[in-house]
Amino acid sequence: MFDDGTLVNNTKEFSRFFTFILSLLKAHVKINKALDILKLDKLPFSKDTIEEAYKRRAKALHPDIGGSEEAFKELQQAYDTVLKALVICFQCEQSYP
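Criteria and cut-off values
Residues numbered from 1 in each chain as written. Predicted model: local features only at pLDDT ≥ 70, side-chain atom pairs only at ≥ 80, totals over all residues. Heavy atoms only, no water. Helix = DSSP H or I, 4+ residues; strand = E, 2+ residues; numbered from the N terminus. Expected span 1.5 Å × (residues − 1). Buried < 20%, exposed > 50% of the residue type's maximum accessible area, 1.4 Å probe, protein only. Patch = residues over 30% accessible without salt bridge, like charges linked within 9 Å, V, L, I, M, F, W, Y side chains within 5 Å. Areas by Shrake-Rupley, 256 points an atom, 1.4 Å probe, with all protein chains shown as cover. Salt bridge = Lys/Arg side-chain N within 4 Å of Asp/Glu carboxyl O. Core = buried A, V, L, I, M, F, W, Y, C linked by side-chain atoms within 4.5 Å. Contact = heavy atoms within 4.5 Å.

(A) Structural detail: helix α1 (residues 11–37). Counted at 1.5 Å a residue, the expected span for α1 with its 27 residues is 39 Å, and the 39 Å between its end C-alpha atoms agrees. Along α1, the residues classified as buried are A34, L35 and I37. Looking one or two residues past α1, K39 carries a phi angle of roughly 60 degrees, positive in sign.

(B) Up close: a nonpolar patch on the surface. On the surface, F14, F17, F18, F20, I21, L22, L24 and L25 cluster together into a nonpolar patch covering about 740 Å² of accessible area. Secondary-structure assignment places F14 in helix α1.

(C) The arrangement of unusual backbone geometry in detail. You will see that K39, though not glycine, has its phi angle at about 60 degrees, which is positive. By relative accessible area, which is 55% here, K39 ends up exposed.

(D) The pattern of salt bridges, seen in detail. Evaluation of the coordinates by the stated rule reveals one salt bridge. For K47, the salt bridge is made with E51, and the minimal N-O distance between the two is 3.8 Å. Taken together, the residues K47 and E51, both in helix α2 (residues 47–61) and four residues apart, mark about one turn of the helix. By relative accessible area, which is 45% here, K47 ends up partly exposed. Residue E51 is classed as partly exposed on the basis of its relative accessible area, which comes to 25%.

(E) Looking closely at the nonpolar core. L38, I50, Y54, L75 and V82 are the most contacted members of the largest nonpolar core, which totals 18 residues. At the level of secondary structure, the elements contributing two or more residues to this core comprise α1, α2 and α3 (69–95). Sort the elements by how many residues they give to this core and α3 lands first, with eight residues. Not counting chain neighbours up to four residues away, the residues in contact with Y54 comprise L38, F72, L75, Q76 and Y79.

Interpretation in functional terms is not warranted from these geometric data alone.
This is the structure we're talking about:
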């Protein structure tokens, strides 16, 4: 924060700040969508919980069992997204205890 109470000092800084906030919002939406696909209420604390949710949903969405390829691909992407979010959270905890 600057002396005058503002977060940004000029238009270029505002643009970078706005872009950063927008990227955070997009990430938040993407993670929430992934959690919905995996039928999880919140980001779990362990990889095992994510894997259990993935396996449970895969049984219902796998194309060989009557699900669609598109839905199964979305499930795989959701799994990857939630795992990445968990890793980032873990890294943040290690960096800022």
